[in-house]
Amino acid sequence: MQQFVQKSGTYQAYDPEILIDGQIISYVGNNPIKFLGHWIYVDLGLNDTKQRIEDKLKTLFQTVDECGLNGVMKCWIYNNMLTSKMSWDLMIYNLPVSFVYELDAICTRFLKKWLGVTRSITVTVLYRSKDYFGLNLKKLSDLYKSLQVSKGHALKNSDDTKVVEAYNNKREKQENSPRWSYTTELTARERDLYFQELVGVVTKDRVGLGCKPKLTERQKLRQLVESVSENDMLVTLVNKGVQGKFLTWENTMQLDLGWNSLIYNYKMSPALLKFHLNSTHDVANTPANMKLWNYSSTGNCALCGWKTCNIKHILAVCSVARNSKRYNWRHDNVLRVIAGALLDQLKMYNSSGSTTSDKEWIRFKSKDGKYEHPKPKLRKERPFERAKDWKLIWDEDTLPAQFPQHIYNTAERPDIVVWSDSLREVVLIELTCGDESNFSDQVARKEARYNRELIPGIDGCGWKALLFTVEIGC
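Residues numbered from 1 in each chain as written. Predicted model: local features only at pLDDT ≥ 70, side-chain atom pairs only at ≥ 80, totals over all residues. Heavy atoms only, no water.

*Asks:* Account for the environment of Pro287, naming residues and giving values.
*Replies:* By secondary structure assignment, the location of Pro287 is in helix H11 (residues 287-292). Through-space distance from the C-alpha of Pro287 to that of Ile314 is 9.8 Å; in sequence the pair is 27 residues apart. Those residues within four positions of Pro287 in sequence are excluded, and the remaining contacts are Thr298, Gly299, Asn300, Cys309 and Ile314. (Helix = DSSP H or I, 4+ residues; strand = E, 2+ residues; numbered from the N terminus. Contact = heavy atoms within 4.5 Å.)

*Asks:* Could you give an account of the pattern of salt bridges, naming the residues involved and the relevant values?
*Replies:* It is possible for side chains bearing opposite charge to pair when their charged atoms get close. Enumeration over the complete set of coordinates arrives at 13 salt bridges. Each member of the salt-bridge network shares a partner with another, and the members are Glu185, Arg189 and Asp192. (Salt bridge = Lys/Arg side-chain N within 4 Å of Asp/Glu carboxyl O.)

*Asks:* Outline the side chain of Ser181, supporting the account with residue identities and numerical values.
*Replies:* Among the structural elements, Ser181 can be located in the loop between helix H6 (161-174) and helix H7 (182-199). Polar side-chain contacts of Ser181 include one of 3.2 Å to the side chain of Gln174. Side chain to side chain, Ser181 and Thr183 meet in a polar contact 3.2 Å long. (Polar contact = N/O pair within 3.5 Å; in protein donor to acceptor, adjacent residues only side chain to side chain.)

*Asks:* Mind laying out the environment of Leu155, listing which residues take part and the relevant values?
*Replies:* Within the fold, Leu155 resides in helix H5 (residues 140-156). Looking at Leu155, the relative accessible area reads 27%, which means it is partly exposed. Placed eleven residues apart in sequence, Leu155 and Ala166 show a C-alpha to C-alpha distance of 8.6 Å. (Buried < 20%, exposed > 50% of the residue type's maximum accessible area, 1.4 Å probe, protein only.)

*Asks:* Give me helix H8 (residues 217-238): which residues, what numbers.
*Replies:* Along an α-helix, residues three or four positions apart point the same way, because every turn accommodates 3.6 residues. In this model, H8 (22 residues) spans 32 Å end to end at C-alpha, consistent with the 32 Å of a helix rising 1.5 Å per residue. Within the span of H8, buried status applies to Leu221, Leu224, Val225, Ser229, Glu230, Met233, Leu234 and Leu237. Check the buried side of H8 and you find it contacts helix H4 (124-127), H5 and H7. (Expected span 1.5 Å × (residues − 1).)

Right under this line is the structure:
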C-alpha cells in the first residue's frame, strides 16, 4: 500500500501506515513487490532491477568459473544453462539495449578466459555461426531482442482486445523514436518475413529439396532477428584486413566445432581449439604480433630471419621449415589418414559379393504403409561397387611410390592412385596442405599440371582417368 503526495511539482510516495486487524500493511518503498518474477519498485524505475540482473549474471558466471571443469565444458554450461536462467528476466523487463550490451561484455570476458584466446581477438568469433568459422554461442543481446520480439508478437496477436489496444498504443508512441524497441523490431522483422515467404528460403544442411522445417511464425521471426545480428557482425569484419581475412577463403569447409567433437568425442582438445581460433584470426603469439603488442623489439622469424613472422609465414612460407621438410612431414601425415580411410573402403568392396549385376532395390512407402510405385526404384550405384579388384598406392616423401607403368609410362607421382584393371579406370588424388587463402590457386595449379600430359596420356592408352584435388588448411 502506498500513497503519493505532490512536492515541488513532482509526486513522491509515502507510507500511509494503514492497519488491518491490527497489522501494518507493508510499504512498497521498503520492500519491492514480486509479481510473476517481475520486481516492482516504488519509483517504477529500472535502476534496482538492472543491478539485480547484473548481480545475478555475475554470480552465475562466478559459480561456473570456480568449478573444476575445463573451458569448453564451461562454455557449454553457459550456452545451455546460464542463458536459460537469464531468459525470463530478459523477456519480462523492457531494458535499455545499452545495458544489455554491458551484460554482453561480462559474458565475453569470461568466455575468452575459458577458451584461452587472446584479448585482442574479435568478439564475433564467439557468437558467429559455424558457417563463418564461429563457435555459435548465444549472445545475450540477441537473446534479449528475440525474446522481446516474441513478447511483442504474443501481445499483438492476443485474444484480449485490451492487450492488443495497449500494444498498438505503445507501437504508435515508439515508431518514431531513435531508440530500439521491440515494437519497431517486430514490425521490421514481419516485413522481412513477408518478403522471405515471397522469394523462398534456400535449403541448407541435409534437408531435401523443397522441404522446409515446420516453424511457427514466432520462431521464424526469432530466426530473422538472429540472422540480422550475424550480418551486422560480418559487416564489421569486412574492413578488418587481418581478423576478417577468413571471409576471403573460397570453398573452405569449417571444422566440426560441435559439442560432440569438443566435449564427448575429444576430437579437438581445448589447446587445439585455442590454437585454431587464434590462428584463424591471426592473433596468435607470433613474433610479428608480439612486436605489434610491444612485448618484443623484433618480429623476425627465429629460423630464417624474415622480418614479418606472422602465422602464415610460420605454417606455410618459412624457407628453413620447407628445406628441412617440416611441411612434407605434415603433408604425409594427412595423406596417411586419407589413404587409410580409402583402404578400408576398398577392402570392404573387394571382399563383398555385390557387383554391377547384383544390385539392391529400395522400395518407397507412403504414410499409410502402402508402396507408392508398382516397381521398386533402383538404388544409386556407389563408385567402387562395379569391381572387386581395386588397388591403391600412395606416395610419401620418405617412401616414394612409382606410378603403375602398365597404365601409363610416366615419371609423375600423384599422392594417391586407385585403379581397377577390369574396369580400366584410375583415380588420381592430389593433396595440398597449405594456407587457406591459396586454395583456389592450388587447385588451378594442380589441375593444369596433370591435365597437361598425364591425364591425356592415360586416356590415350584406353583407360579412364579421374582427378580429384584435396586441400587441407594449415
